[in-house]
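Chain and residue survey
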Amino acid sequence: MKTLRIGNASGFYGDRFDALREMLTGGELDVVTGDYLAELTMLILGRDRLKDPEAGYARTFLRQLEEGLGLARERGVRIVANAGGLNPAGLAARIRELAGRLGLDIRVAHVEGDDLTARHPGSLAAHAYLGGFGIAACLREGADVVVTGRVTDAALVTGPAAAHFGWGPGEYDRLAGAVVAGHVLECGTQATGGNYAFFAEGGHDLRRPGFPLAELHEDGTAVITKHPGTGGFVDVGTVTAQLLYETQGARYAGPDVTARLDTVRLAQDGPDRVRISGTRGEAPPPTLKVGLNRLGGFRNEVVFVLTGLDIEAKAALVREQLEPQLAKVTDVRWDLARTDRPDAGTEETASALLRLVVRDADQEAVGRALSGAAVELALASYPGFHVLAPPGKGSPYGVFEDVYVPHGSVDHVAVLDDGRRIPVAPAQETAVLDSPPRPLPEPLPPGPTRRAPLGLVAGARSGDKGGNANVGVWVRTDEAWRWLAHTLTVDRLRELLPETADLTVSRHDLPHLRALNFVVEGILGEGVAAQHRFDPQAKALGEWLRSRHLDIPEALL
């Protein structure tokens with residue numbers, strides 16, 4: 001069977017609007033996918049649905065289809081997207097209406113069964129992460145467009161691959177290969193040079209990176225590439241970085257298969273082409289992940305600007321002045337960012353930022369009474385008093401958590417254009433995850449070292465999973481791997497990133513990728529919507545790590 005060419009046209013809800021047209025007109029494709037959902041997006045869509053029960057899907061996708069639907073039909077490209085969010089049936093109906101207005105004969109199917117909100121009282125949205133076989137069932141029955149709710153990001157690729165190649169549920173190595181390809185594609189331009197640690201090297205044009213595509217083969221191997229003439233670049237580094245993004249161990253568990261990331265091998269296959277091979281798969285775990293989003297209460301924030309001398313004393317004064325107003329607030333957090341420099345040439349670089357974040361179940365407790373008290377200090381506090389923005393009333397914030405349910409407790413169904421419903425059987429074979437430690441490579445022989453930033457020899461990419469963060473770190477030579485594997489221990493990571501010192505940190509080795517993956521539990525509190533820290537999605541945690549200095553062998557520099 002011929003190679004299946006699957007492209008991506010969206011990595012998140014709000015990604016480049018014209019990407020769908022670019023992918024449909026830029027080169028050959030069989031399927032174009034779009035990933036619109038994230039933990040925060042489900043909360044946003046849940047709040048949309050509170051205002052309008054007919055809402056709950058990614059409206060941007062529908063607008064993209066006003067032009068893209070005809071192009072896809074003309075070129076014989078199928079469309080698969082999780083833009084259905086909390087209301088895939090509603091989105092499918094709107095697409096049919098759009099096709100009618102455009103005079104297009106389009107078969108639209110959707111996947112449902114992920115919505116478990118009714119089983120979790122108090123949640124705004126509770127959705128199981130489904131696999132790709134519902135999508136596959138829709139495509140096998142002739143659907144031109146398939147929209148889903150909460151499926152795994154990689155399911156947007158495993159579903160079309162299973163339909164095209166005729167894979168069954170037990171073909172774990174093939175499915176795992178598609179999962180890895182799907183994970184590379186899911187975040188769009190992060191695979192083609194976007195957010196890349198070594199972006200300043202090589203003279204690539206990164207002003208407008210092209211979106212990625214995968215050439216999938218029947219045996220589960222794939223080549224990651226992009227359309228000719230588009231910006232950005234694809235090499236082993238960009239693919240490695242994306243493979244490490246938001247994963248939590250050597251075994252990448254999903255509803256259809258557990259992909260062994262420690263078996264993945266990458267090789268440059270020509271300009272802007274990276275071959276992925278060797279991926280092994282195992283039975284999925286016995287449970288499905290369910291993401292629960294709920295409203296956690298109300299929050300407010302004030303950022304005080306402290307300029308010039310006596311920064312610590314100025315911060316202490318304003319904290320003491322606001323203490324009476326904060327006494328009854330449930331959660332109070334102060335953070336002083338010393339962005340100031342001595343003898344600074346501009347006022348901004350002479351200033352530090354003192355950030356106050358408050359949370360409480362009572363909106364009044366963190367509302368204008370508190371923000372007003374901060375403003376009332378304007379003529380009665382530290383010299384140079386001002387704030388970055390006028391404080392407002394308390395705003396709602398969300399909380400995310402994971403729970404797990406047995407496969408058989410979810411009614412996974414493919415709903416076809418003619419209304420037929422095809423049940424998707426749950427996984428019949430499951431296995432508990434087990435990740436035994438792998439042997440380390442031989443350490444480098446002793447030699448001279450130099451104090452320097454880790455980022456001179458290592459790349460990193462980090463992200464969020466609920467309240468946890470992952471930091472993937474990789475190097476580009478075998479010698480650097482021998483050094484990294486022995487040097488960047490959990491204890492050393494805690495030293496370099498003091499915010500992790502009191503948290504549970506685990507390390508997972510991926511020797512074929514010359515990479516380490518660290519999972520930091522609880523650093524993001526109750527998830528991105530709770531905005532627990534300065535970088536609530538840990539997007540720059542890896543870049544902070546790369547900026548830290550340690551003793552590096554001169555032979556590597």
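These lines cover the structure that appears in this document, whether it is placed above or below.

Enumeration over the complete set of coordinates arrives at 48 salt bridges. A salt bridge links Arg16 to Asp18, with the nearest nitrogen and oxygen atoms 3.8 Å apart. You can call Asp18 partly exposed: its relative accessible area is 33%. With its nearest N and O atoms 3.0 Å apart, the salt bridge here joins Glu312 to Arg338. A residue pair is termed long-range when its members are at least 10 positions apart, and Glu312 in helix α9 (residues 311–326) and Arg338 in the loop between β15 (331–337) and β16 (351–360) qualify at 26 residues.

Looking along a regular strand, one sees the side chains alternate between the two faces of the sheet. Burial of strand β23 (residues 468–475) is extensive: seven of the eight residues sit out of reach of the surface. The antiparallel pairing of strand β22 (residues 458–465) with β23 creates a hairpin that spans two residues between the two strands, and Gly466 there sits at a positive phi of about 60 degrees. Sheet topology note: the β23/strand β25 (residues 515–520) ladder contains six bridges and is antiparallel. The partner of Val473 across the bridge, within β25, is Leu516.

Along the chain, the position of Thr33 falls in strand β2 (residues 31–34). Judged by relative accessible area, Thr33 falls into the buried class, the value being 5%.

One open sheet holds the four strands; their spatial order is β22-β23-β25-β24, and the pairing between them is antiparallel. Of all strands in the sheet, those bounded by a partner on one side alone are β22 and β24 (505–510). Each neighbouring strand pair of the sheet contributes to a mean axis angle of 20 degrees, computed without reference to strand direction. Here β24 pairs with β25 via six bridges, running antiparallel. Its bridge partner lying in β25, Ser506 is registered against Val519. In the packing of helix α8 (residues 236–244) onto the sheet, the strands contacted are β22, β23, β24 and β25, and the crossing angle to β23 comes to about 155 degrees. Helix α11 (residues 478–487) contacts β23, β24 and β25 of the sheet and is inclined by roughly 145 degrees relative to β23.

The strand order β11-β12-β8-β7-β1-β2-β3-β6-β4-β19-β20 describes an open sheet built from eleven strands, whose pairing is mixed. Looking along the sheet, the strands with just one partner apiece sit at the ends: β11 (265–268) and β20 (421–423). Sheet twist, expressed as the mean angle between neighbouring strand axes with direction ignored, is 20 degrees. With three bridges joining them, strand β1 (residues 4–8) and β2 adopt parallel strand pairing. Looking across to β2, one finds that Gly7 is bridged to Val32.

Conventions adopted
Residues numbered from 1 in each chain as written. Predicted model: local features only at pLDDT ≥ 70, side-chain atom pairs only at ≥ 80, totals over all residues. Heavy atoms only, no water. Salt bridge = Lys/Arg side-chain N within 4 Å of Asp/Glu carboxyl O. Buried < 20%, exposed > 50% of the residue type's maximum accessible area, 1.4 Å probe, protein only. Helix = DSSP H or I, 4+ residues; strand = E, 2+ residues; numbered from the N terminus. Pairing = 2+ DSSP bridges. Axes fitted to C-alpha atoms, helices over the stretch in contact; angles between N-to-C directions. Contact = heavy atoms within 4.5 Å.

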